[in-house]
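Structural overview
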Amino acid sequence: MNNKFRVFLKGVFDVSPLMIPVVPFGLIFGVLSIDIGFSPIETMGMSLIIFGGASQIILLQLFSGGASSLVIISSVGAVNSRHLLYGAVVSEHLSDLKLIWKIVISYFLIDQAFARSNEYFKKNNDKNKYFHLFGGGITCWVIWQTTTFLGIVLGAFIPEKLGLSFAVPLTFLALLVNDFRKLINVIVIIISGLVATFGFNYVPYKAYVIVAGVTALLTAAILTNLNKKNE
Amino acid sequence: MSNWLLIIYCGLITFLTRFSMIALLKKEMFNDRIREILSFVPSAIFPAIIFPAVFLDNSGDFQLENNPKIMAAIIAMLIGIISQNIIATIISGLASYWFLIFVV
């Protein structure tokens with residue numbers, strides 16, 4: 001078997017267990033998007049063009065709350081700023097790639113594929129190792145598009161009484177499970193939540209996500225600083 | 001702005017944050033301090049979506065009494081802390097929410 005294909009399959013295989021939570025996430029996105037009033041084509045377009053769960057759900061949430069486009073776009077940017085964190089780690093492994101491959105890989109780069117491929121990159125050093133990230137990314141892409149489509153179809157049959165919009169805070173809550181055990185994270189979570197809740201009606205342009213995020217990040221900076229001084 | 005333009009801009013900004021990490025960022029650009037603070041981004045942003053969706057009603061007013069979402073979110077959080085599992089957290093939250101609105 002061709003080496004590129006072998007590394008690609010390894011990426012598919014490594015990322016697959018992490019795809020299980022993506023299934024309900026994609027379904028919920030498809031159902032909610034239709035519920036909010038986007039057309040099936042627009043909903044599919046979001047999954048194809050944006051291809052990022054947290055970004056797409058924030059878009060829905062703010063759009064349904066009547067936020068302006070500028071606020072929605074900057075909130076999506078704020079959510080994505082976590083990707084910058086990976087930059088320092090992954091760029092050194094991909095620095096020799098052609099620009100076109102960097103563009104392709106960037107489109108497919110999602111948290112799960114990053115996590116798995118970063119482990120692989122640390123252990124392997126052949127020149128085709130980027131096919132691992134490509135394989136993981138494509139796997140997630142196929143699952144995300146399929147579940148979005150199923151969500152669109154299912155959405156027509158799911159009664160509003162089920163209150164499925166509650167799945168939005170639940171999915172974000174689920175993404176924080178690893179942070180609930182760390183004291184500084186818990187404080188940051190509470191500050192962000194309180195600022196957003198009390199600022200919901202008062203922060204102009206529905207920019208409460210950004211105001212809460214910045215306040216909470218400043219809190220994190222102060223707390224980690226204090227923590228260091230005490231050590 | 002039309003829906004399509006909004007979707008394209010959101011896609012563009014998502015792509016650019018990913019692309020910048022591959023193509024532009026060099027290891028030296030981030031010291032440990034900045035990396036440490038960026039690791040708090042999920043904890044700083046996600047609650048801004050979670051809390052209003054749980055504690056406020058559709059018109060943005062506080063809804064603290066007769067609100068099954070609060071209890072369901074607490075149950076989901078506890079299950080999340082114990083199981084460290086994303087699906088278990090979502091399912092326990094939805095199941096307890098439905099239990100509270102349909103059965104209790």
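Residues numbered from 1 in each chain as written. Chains lettered and ligands numbered in written order. Predicted model: local features only at pLDDT ≥ 70, side-chain atom pairs only at ≥ 80, totals over all residues.

This next bit is on the nonpolar core. By size, the foremost hydrophobic cluster in this structure holds 95 residues, and its most contacted members are A:L59, A:I72, A:L173, A:V209 and B:I49. Counting residues per element, this core draws most heavily on helix α3 (residues 41-55) of chain B, which supplies 11 residues. Residues contacting A:I72, with those up to four places away along its chain left out, are A:L59, A:L62, A:F63, A:A67, B:L6 and B:C10. (Core = buried A, V, L, I, M, F, W, Y, C linked by C-beta atoms within 7 Å. Buried ≥ 20, exposed ≤ 12 C-beta atoms within 10 Å, placed from the backbone. Helix = DSSP H or I, 4+ residues; strand = E, 2+ residues; numbered from the N terminus. Contact = placed C-beta atoms within 7 Å.)

With that out of the way, let us pick up helix α4 (residues 68-83) of chain B. Taking 1.5 Å per residue, 16 residues should reach 22 Å; α4(B) reaches 22 Å between its end C-alpha atoms and fits that length. When α4(B) is considered as a whole, its buried residues turn out to be B:K69, B:A72, B:A73, B:A76, B:M77, B:I79 and B:G80. When α4(B) is viewed along its axis, its buried side chains cluster within an angular range of 165° and face the same direction. In this structure, the buried residues of α4(B) make contact with α9 (167-175) of chain A together with α3 and α5 (86-103) of chain B. The first or second residue beyond α4(B) is B:Q84, which carries a positive phi of 55°. (Expected span 1.5 Å × (residues − 1). Arc of directions from axis to C-beta.)

Residue and element names in this part refer to chain A. Between helix α1 (residues 3-15) and helix α7 (residues 111-123), the least distance of the axes is 10 Å, while the angle of their chain directions is 120°. Here α7 runs oblique to α1, going by the angle between their axes. In terms of crossing hand, the pair formed by α1 and α7 is right-handed. Contact residues: α1 offers G11, D14 and V15, while α7 offers Q112, A113, R116, S117 and Y120. Considered class by class, the residues forming the contact of α1 with α7 number three nonpolar, three polar and two charged. (Axes fitted to C-alpha atoms, helices over the stretch in contact; angles between N-to-C directions. Parallel < 35°, antiparallel > 145°, perpendicular 65-115°, else oblique. Left-handed = near helix turned anticlockwise from the far one by under 90°. Nonpolar A, V, L, I, M, F, W, Y, C, P; charged D, E, K, R; others polar.)

Moving on, we get to the domain arrangement of chain A. Residue and element names in this part refer to chain A. Domains assigned within chain A are domain 1 (3-163) and domain 2 (176-231). A C-alpha centroid distance of 25 Å is found between domain 1 and domain 2. Taken together, the contact between domain 1 and domain 2 spans nine residues of the former and six residues of the latter. Per-element tally for the side of domain 1 that touches domain 2: the top contributor is helix α5 (residues 69-94), with four residues. Taken together, the residues of the side of domain 1 that touches domain 2 break down into four nonpolar, five polar and no charged. (Domains from an automatic or database assignment.)

Now for the environment of A:S64. All names here are of chain A. Locating S64 in the fold gives a position in helix α4 (residues 53-64). Look at S64 and you get partly exposed, because 17 C-beta atoms sit within 10 Å. A C-alpha to C-alpha distance of 37 Å links S64 and L99, two positions 35 residues apart in sequence.

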